[in-house]
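Analysis of the macromolecular model
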Amino acid sequence: SAKRHGRNVSRRFRPALDVQDSPQMALVYSLRDALANGEQLELHYQTQHRVMDGAVVGMEALLRWRHPEHGMVSPGDFIPLAERHGLMGPLGNWVIDEALAQMARWREMGLPQLPVWINISAIQMFQGELEAALASGLARHGIEPAQLGLELTESVLLDERAGDIVPRLEALRAKGHRIAIDDFGMGYSSLSYLKNLPLDKLKLDRAFIHSLPDDPADAAIVSAVLAMARGLALDVVAEGVETRGQLDFLQRAGCRLVQGYLYSRPGPAEVIEAQWQALKTDSAGLMLRAEPTA
Ligand code: C2E
Ligand code: MG
Ligand code: MG
Ligand code: MG
């Protein structure tokens, strides 16, 4: 049945390119097959933590592709390919459905319901199917929109092909979704859009975190973003926090939320479940806490 399904999919998504034998095109075709049977794709999850006490406040879902020959292919490598070759719509829909299905499995296992954040590609905004895919997935798996956050990069938010984004974001938020700007600070845009866009959260790009606390320029930028976000009533998550020194700086600067290897690496659902079981015993199931590992 995977075969039969695969044939249908290949007809619909066959990329219109003539260079069919390049290694890149081979990857595109095998990604198309992976999408058709779903077996090589998985979501990994990385926890987000409150700085004050380490409490887990949510998770980001990150796409993984286990290629039969190449092993784990990084999303940084295959997502741009998927975007260029007409596969990002179906891939994005797969991510939405899989994240919601996993949340439903966790609910059935009696695990705490933490918000999951998914990454949204520009293609999903342009094609205009995002809202429908979200609505049908939420209904199918019985998940509240408030439990599913959407991460969009500045370039997605400001691309005019996405149409007038303000009413779309307002409608998504009215349903209960929360919206974050991903990789904040790495776009090439002015800050004025922060006034107009309905947003909940900024994710401060890890490029600014990496050289903390020693680099005075990064320290100044991070402090300024935190002050600005406070004024705009936006949460800030610092991405890519790897060291105790970075965490201490961020705490002193008033950053409340962090994500990074210091607390946890992204892992498959089973690893997250094992972490939870361990944390649950420690905390009587009331609050999921973790200690930084460095
Ligand atoms: P992102 O959304 O900014 O995700 C954060 C990336 O930083 C992830 O890389 C994560 O593994 C990595 N990371 C987390 N903590 C640390 C740390 O302490 N140090 C370092 N060096 N890295 C850390 P990953 O999983 O390789 O994903 C790369 C990018 O691919 C993501 O960046 C996102 O833009 C994109 N992506 C991943 N999954 C999806 C998806 O389902 N849909 C879409 N459209 N894009 C996705
Ligand atoms: Mg799978
Ligand atoms: Mg992200
Ligand atoms: Mg990011």
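Look up: the structure comes first, before these words.
Residues numbered from 1 in each chain as written. Chains lettered and ligands numbered in written order. Predicted model: local features only at pLDDT ≥ 70, side-chain atom pairs only at ≥ 80, totals over all residues. Heavy atoms only, no water.

1. Section: the side chain of Ser264
Inspection of the secondary structure assignment puts Ser264 in the loop between strand S9 (257-258) and strand S10 (267-268). Judged by relative accessible area, Ser264 falls into the buried class, the value being 7%. At 2.7 Å, the side chain of Ser264 and the side chain of Thr47 are in polar contact. When neighbours within four sequence positions are excluded, Ser264 is seen to be in contact with Gln46, Thr47 and His49. (Helix = DSSP H or I, 4+ residues; strand = E, 2+ residues; numbered from the N terminus. Buried < 20%, exposed > 50% of the residue type's maximum accessible area, 1.4 Å probe, protein only. Polar contact = N/O pair within 3.5 Å; in protein donor to acceptor, adjacent residues only side chain to side chain. Contact = heavy atoms within 4.5 Å.)

2. Some words on helix H6 (residues 130-141)
Here H6 is twelve residues long and its end C-alpha atoms lie 16 Å apart, about the 16 Å a rise of 1.5 Å per residue gives. Of the surrounding secondary structure, the elements contacted by the buried residues of H6 are helix H4 (88-108), helix H5 (122-127), strand S5 (148-153) and helix H8 (165-175). Looking one or two residues past H6, Gly142 carries a phi angle of roughly 65 degrees, positive in sign. (Expected span 1.5 Å × (residues − 1).)

3. Considering the pairing of strand S2 (residues 56-67)
The buried count for S2 comes to ten of twelve residues, which makes it a mostly enclosed element. Linking strand S1 (residues 41-50) back to S2 in an antiparallel pair, the connection comprises five residues, with Gly54 at a positive phi of about 80 degrees. In terms of strand pairing, S2 meets strand S3 (residues 71-73) through three bridges, oriented antiparallel. Residue pairing in the sheet places His67 in a bridge with Gly71 of S3. Between S2 and S3, which follow one another and run antiparallel, lie three residues. (Pairing = 2+ DSSP bridges.)

4. Overview of the site of ligand 1
Contacts to ligand 1 come from 23 residues, most closely from Arg64, Asn119, Asp182, Glu242 and Tyr261. Measuring from a nitrogen atom of ligand 1, one finds a side-chain N or O atom of Gln46 at 3.0 Å. Between Leu63 and ligand 1, the recorded distance is 3.1 Å, taken from a backbone N or O atom to a nitrogen atom. Breaking the shell around ligand 1 down by element, the ones donating at least two residues are S2, helix H3 (75-84), H4 and strand S6 (179-184). For the shell around ligand 1, the element with the most residues is S2, which contributes four residues. Here the residues of the shell around ligand 1 are counted per class, giving ten nonpolar, five polar and eight charged. (Near = heavy atom within 4 Å. Nonpolar A, V, L, I, M, F, W, Y, C, P; charged D, E, K, R; others polar.)

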